[in-house]
Amino acid sequence: LRSIWHDPVSSSTAIFCPGCQEDPFLLLKCTGGVVAWFLFQVALERFLPCELVKGTPLKDGSGTRLVYRINGHLAFWMTLLVVEVGWPRWQEDGLGTWRLQFGRAPLTMLYTYYSELALATTALCCGLSAYLYLRSFKKGLLLAEGGNSGT
């Protein structure tokens, strides 16, 4: 297992989590950041104003249509606004008092922790996919016919 996580040429540098040797909690911090970003996007989808659009009739013959929230364009602009001017951070004023300030997000961290963030994102996606797959076996759910999820 050690050969999977470490570069065979240089045993001091890990492939998937290079910074984990210096900070053992780095992967946990990156995972927390990815989960927080995901939940932020979910909150935008749920709480921003939206247009409610009915989907196509379900194939169960009832004529029921699912309702979808369409607000992705507004969510994009809100995300851009938060990244540019609304990123919260605590800063000391020199007198021992900490103040909450808002400014530009530290996007250089995406480059610095690229491998760790990629690993955390992959783990989150695999976990979410497994959850949704297992949830699909619940009784009473209307699913696409086997092998056909489109038209």
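Being a predicted model, the structure only gives us computed values, none of them experimental.

1. Digging into the state of the cysteines
Then comes step 1: The full count for this structure, using the stated rule, is one disulfide.
Then comes step 2: With its sulfur 1.5 Å from that of its partner, cysteine 17 forms a disulfide with cysteine 20. Across the S-S bond of cysteine 17 and cysteine 20 the torsion is about 50 degrees, and the bridge reads as right-handed.
Then comes step 3: Its relative accessible area of 5% is what places cysteine 17 among the buried residues.

2. Describing the packing of aromatic side chains
Then comes step 1: Tallied over the entire structure, the rule returns three aromatic pairs.
Then comes step 2: Pairing tyrosine 133 with phenylalanine 137 gives two aromatic rings, centres 5.0 Å apart and planes at 90 degrees, and the pair type is edge-to-face.
Then comes step 3: Tyrosine 133 gets classed as exposed once you look at its relative accessible area, which sits at 53%.

3. Some details on the nonpolar core
As a rule of thumb, nonpolar side chains are buried together in soluble globular proteins.
Then comes step 1: Counting residues in hydrophobic clusters, the biggest one holds five residues: Leu26, Cys30, Val34, Leu117 and Ala120.
Then comes step 2: Mapped onto this core, the elements with two or more residues apiece are helix H2 (26–47) and helix H5 (114–135).
Then comes step 3: Per-element tally for this core: the top contributor is H2, with three residues.
Then comes step 4: If sequence neighbours within four positions are ignored, cysteine 30 has contacts with Tyr113, Glu116, Leu117 and Ala120.

4. Concerning the pattern of salt bridges
Then comes step 1: Taken as a whole, this structure holds four salt bridges when the rule is applied.
Then comes step 2: Lysine 29 is the partner of aspartate 23 in a salt bridge, and the nearest nitrogen-oxygen pair spans 2.9 Å.
Then comes step 3: Since its relative accessible area comes to 22%, aspartate 23 is described here as partly exposed.
Then comes step 4: For arginine 104, the salt bridge identified is with glutamate 84, shortest N-O distance 2.6 Å. Of the two residues, arginine 104 sits in the loop between strand E4 (98–103) and helix H4 (108–112) while glutamate 84 sits in helix H3 (residues 72–85), which places them 20 residues apart along the sequence.
Then comes step 5: A relative accessible area of 56% places arginine 104 in the exposed class.
Then comes step 6: Take glutamate 84: its relative accessible area is 32%, and that puts it in the partly exposed class.
Then comes step 7: When salt bridges that share partners are traced, they join Glu45, Arg46 and Arg69 into one network.

Rules behind the numbers
Residues numbered from 1 in each chain as written. Predicted model: local features only at pLDDT ≥ 70, side-chain atom pairs only at ≥ 80, totals over all residues. Heavy atoms only, no water. Disulfide = S-S within 2.5 Å. Buried < 20%, exposed > 50% of the residue type's maximum accessible area, 1.4 Å probe, protein only. Phe/Tyr/Trp six-rings, centres within 6.5 Å; stacked < 30°, edge-to-face > 60°. Core = buried A, V, L, I, M, F, W, Y, C linked by side-chain atoms within 4.5 Å. Helix = DSSP H or I, 4+ residues; strand = E, 2+ residues; numbered from the N terminus. Contact = heavy atoms within 4.5 Å. Salt bridge = Lys/Arg side-chain N within 4 Å of Asp/Glu carboxyl O.

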